[in-house]
Amino acid sequence: MFISKLPRIFADPDLALDLGTANTRLYALGLGMVADEPSTVNRGRGSEASERLELERSAGSSSIVRRVAPLRSGVITDVDAATQLLEPLVRRAQRFGLIKPRAIACAPTDVSETEREALIEATRRAGVSAVKVVPEPLAAAVGAGLDLSLPYAQMLVDIGDGVTDIAVIRSGELVKTAAIRLACSDMHEAVRRMVARSHKIVLYRHEAERLVEEIGAVEGAYTEALASEASGVHYLRRGEEQALVSSREVSEAIQPVVRAIMEKVRETLRHLNPQLAVEVIESGITLTGGGAQLKGISELMASETSMEVRLAANPLHSVINGASQMLSVGTSIGIWDSAQR
């Protein structure tokens, strides 16, 4: 009881957490970014995680490492593995305070109560005393520099690794949300399936990610043919081999995912009431997340919606940057009053 009443000066720094399907980012108040690394852990705890083993070749090494992913489609599917991921990251931010840190944790807008509780449980088990869950697109909007106090609607599309989150924000509140659990990881898997069919090689996951990043584009965005060699395991000969993959192959592979995202954006716009629709048309769309960096996607979205589409200055880090800004004013705006303890 006495410890809980000590002033926050005796506490470890409060944290902002972006626990993503691909990467986990952790910001500590007063310290800055203390972690930005893949959301995977060594094979071990968690029966569900053990069913999703990923073979990867370490950079600069000939050894194959076995890793597990505690998240899928933007949410935790294995609390034990997620705790194992978060514990060492939280320890990095500890400064021998007498009170555990509090944390802002970001989640998709379509998160279920069970998925929300899994996020809270893993974060608390990792060494946090209280957790405030905030919607990812709200944090992304802050990180993208949108003025949330404006009394007219603004639309944000956050294309992450596991989920694409769409939100309309007015006067600091989410007045309309929609999400589709298709995003960058689905593009990567589509490329792996394509290469397996066409080249008989199962790509390492990081190689599929690199192909999408380096030569991936929406259809028609590239005016010249590009190609890149990517490594994987030949599923007949079982040895490591390389495949020469063209930009056309990558674009065709990811096209169904891109089209599904565009359809979700259009569907969300169609279901806005007339007043919101007019305000959003006037203010345009802000694009954030790793998928926002796909070549040609902002132009395609502008064409599909007949609206102005702006790419955030730092789309990959919009969520964590926004959460860190919310963290800095958390006490003054009472954000911890409704935190889970």
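Rules used throughout
- Residues numbered from 1 in each chain as written.
- Predicted model: local features only at pLDDT ≥ 70, side-chain atom pairs only at ≥ 80, totals over all residues.
- Heavy atoms only, no water.
- Helix = DSSP H or I, 4+ residues; strand = E, 2+ residues; numbered from the N terminus.
- Buried < 20%, exposed > 50% of the residue type's maximum accessible area, 1.4 Å probe, protein only.
- Areas by Shrake-Rupley, 256 points an atom, 1.4 Å probe, with all protein chains shown as cover.
- 1 Å grid on protein atoms, 1.4 Å probe; cavity = no way out; pocket = protein on both sides within 12 Å on 5 of 7 lines; lining within 4 Å.
- Points joined across faces, edges and corners; volume = space filled by probe spheres on them.
- Nonpolar A, V, L, I, M, F, W, Y, C, P; charged D, E, K, R; others polar.
- Polar contact = N/O pair within 3.5 Å; in protein donor to acceptor, adjacent residues only side chain to side chain.
- Contact = heavy atoms within 4.5 Å.
- Pairing = 2+ DSSP bridges.
- Axes fitted to C-alpha atoms, helices over the stretch in contact; angles between N-to-C directions.
- Salt bridge = Lys/Arg side-chain N within 4 Å of Asp/Glu carboxyl O.

A.B. asks: An account of the overall build of the protein is needed here, citing residue identities and associated values.
C.D. replies: Scanning the protein from N- to C-terminus turns up ten helices and 18 strands. Looking at the protein residue by residue over its 341 residues, the buried ones come to 52%. For the protein, the computed accessible surface area is about 15500 Å², with 50% contributed by carbon and sulfur atoms.

A.B. asks: Tell me about empty space enclosed by the protein, and name the residues and values.
C.D. replies: The tally for this structure, following the rule as stated, stands at one cavity of 30 Å³ or more. Roughly 80 Å³ of internal volume is contained in the largest cavity. In terms of lining, the largest cavity is formed by 13 residues, of which the most central are Gly74, Val75, Ile76, Ala107 and Leu119. Counting residues per element, the ones that place at least two in the lining of the largest cavity are strand S8 (75–76), strand S9 (102–107) and helix H3 (113–125). The element best represented in the lining of the largest cavity is H3, accounting for three residues. Considering only residue class, the lining of the largest cavity consists of nine nonpolar, one polar and three charged.

A.B. asks: Break down the side chain of Glu279 for me, with residues and values.
C.D. replies: By the element assignment, Glu279 lies in helix H8 (residues 274–283). Reaching out from Glu279, the side chain makes a polar contact with the side chain of Gln275 at a distance of 2.8 Å. Not counting residues within four places of it along the chain, the set of residues in contact with Glu279 comprises Pro151, Tyr152, Ala153 and Arg170.

A.B. asks: Outline the sheet that holds strand S1 (residues 15–19), listing residues and values.
C.D. replies: The strand order across the open sheet built from five strands is S3-S2-S1-S9-S10, with neighbouring strands paired in mixed fashion. Because the sheet does not close on itself, it has two edges, and the strands there are strand S3 (32–38) and strand S10 (130–135). Averaged over all pairs of adjacent strands, the angle between strand axes in this sheet comes to 20°, irrespective of strand direction. Inspection of the sheet shows S9 paired to S10 by six bridges, in the parallel sense. Bridging from a neighbouring strand, Ala107 pairs with Pro135 of S10. On top of the sheet, H3 reaches S1, S9 and S10; it is set at about 140° to S10, its chief contact. Those strands touched by helix H10 (residues 318–328) are S1, strand S2 (23–28), S3, S9 and S10, and its axis lies near 155° from that of S1.

A.B. asks: Can you tell me about the environment of Gly289, naming the residues and giving the values?
C.D. replies: Topologically, Gly289 is positioned in the loop between strand S17 (285–288) and helix H9 (297–305). Given a relative accessible area of 6%, Gly289 falls into the buried group. Expressed as a C-alpha distance, the spacing of Gly289 and Gly160, which sit 129 residues apart in the sequence, is 4.8 Å. Excluding residues within four positions of it along the chain, Gly289 makes contact with Asp158, Ile159, Pro315 and Leu316.

A.B. asks: Now, about the pattern of salt bridges: what can you tell me, with residues and values included?
C.D. replies: Inspection of the entire model under this criterion finds 21 salt bridges. The closest approach of N and O atoms between Glu214 and Arg210, which form a salt bridge, is 3.0 Å. Of this pair, Glu214 and Arg210 are both found in helix H6 (residues 205–215), four residues apart, which corresponds to roughly one turn of the helix. Among the salt bridges present, the one from Arg259 reaches Glu304, with a minimum N-O distance of 3.0 Å. Here Arg259 is found in helix H7 (residues 247–270), whereas its partner Glu304 is found in helix H9, with 45 residues between them in sequence. Accessibility expressed as a relative area gives 32% for Arg259, which makes it partly exposed.

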